[in-house]
Amino acid sequence: MQLKVAKLLNQILIVITVVILLLAGGYFVVLKWFAPYQKVYLVVFAVVSIALYLVFRWLESRWDKRVVTRMAKEGHIALAQIQSGSRVMAMRDSTFTNYWLYEFKARLTTPDQTSFDKTFYEKMRADTEDIPGGWVYVTYDENKPDQIFMVPNLLISHLPQLMPVIAQFEADKRLDIKYLDVYYHKGMVLRTFQETVEANRTARESE
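Residues numbered from 1 in each chain as written. Predicted model: local features only at pLDDT ≥ 70, side-chain atom pairs only at ≥ 80, totals over all residues. Heavy atoms only, no water.

Draft legend 1. Region of interest: the side chain of D181. Within the fold, D181 resides in strand β5 (residues 181-184). No salt bridge forms around the buried D181; measuring N to O, its nearest opposite-charge neighbour R191 is 4.4 Å away. Setting aside chain neighbours within four positions, we find D181 in contact with N153, V189, L190, R191, T192, F193 and T196. (Helix = DSSP H or I, 4+ residues; strand = E, 2+ residues; numbered from the N terminus. Buried < 20%, exposed > 50% of the residue type's maximum accessible area, 1.4 Å probe, protein only. Lys, Arg positive; Asp, Glu negative; His and termini not counted. Salt bridge = Lys/Arg side-chain N within 4 Å of Asp/Glu carboxyl O. Contact = heavy atoms within 4.5 Å.)

Draft legend 2. Region of interest: the side chain of T109. Looking at the element boundaries, T109 is found in strand β2 (residues 98-109). Side chain to side chain, T109 and S115 meet in a polar contact 3.0 Å long. (Polar contact = N/O pair within 3.5 Å; in protein donor to acceptor, adjacent residues only side chain to side chain.)

Draft legend 3. Representation of the nonpolar core in the model. Within the largest apolar cluster, 22 residues are counted, with the highest numbers of intra-cluster contacts made by A72, L79, Y137, V151, L155, I156 and L162. Of all the secondary-structure elements, those providing two or more residues to this core are α1 (2-33), α2 (38-73), β1 (77-92), β4 (134-139), α3 (153-157) and α4 (163-171). Sorting elements by how many residues they give to this core places α2 first, with six residues. Every residue in contact with I156, bar those within four places of it in the chain, is listed here: Y137, V151, L162, M163 and I166. A106, L108, V138 and M150 belong to the second-largest nonpolar core, a separate cluster that totals 19 residues. (Core = buried A, V, L, I, M, F, W, Y, C linked by side-chain atoms within 4.5 Å.)

Draft legend 4. Structural context of the pairing of strand β3 (residues 115-125). Sheet topology note: the β2/β3 ladder contains 11 bridges and is antiparallel. Its bridge partner being in β3, W100 is matched across the sheet by M124. (Pairing = 2+ DSSP bridges.)

Structural data, given as structure tokens:
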């Protein structure tokens, strides 16, 4: 889904750029034919340009997160056993924050215990390299099978309505679940809990 989001954002950015260029070109028309209104036009141009930029920034920073939160609240989740992950392409947002778009291959298990292999994409933190094997929760709706995002552990813990579903997964001994630590910090971060503990210990020692 992140690949689709990236493509849609690029299309939106192109449209916004075209609109701003047209407005900039319109200034010369106003200057020639409606000179008394040039200051008003400049103000309108500035307001519209800033508004378009803010809308784009909101979409860029919140679109995927809102989808993840909504789907998780509605119970549209699945348990994913990460089998592999590889870099697809480098990305950069409008604030010049770098990311890597990763392709993940995973074995998904839905709450009704249906399992199947699935490929999905996620926008990872720029310093992401090797992907650990393990288990994470992802958004999944059979009516929108490609709308898959990793769900941060913190969000899962804040949604008590998901606890019965998670308990059902964890009660299935066939799955042998070993969770990974999943959180968002300038892109999605995915690592083992041992790596998280070691990183926290190093950070405390350096203080």
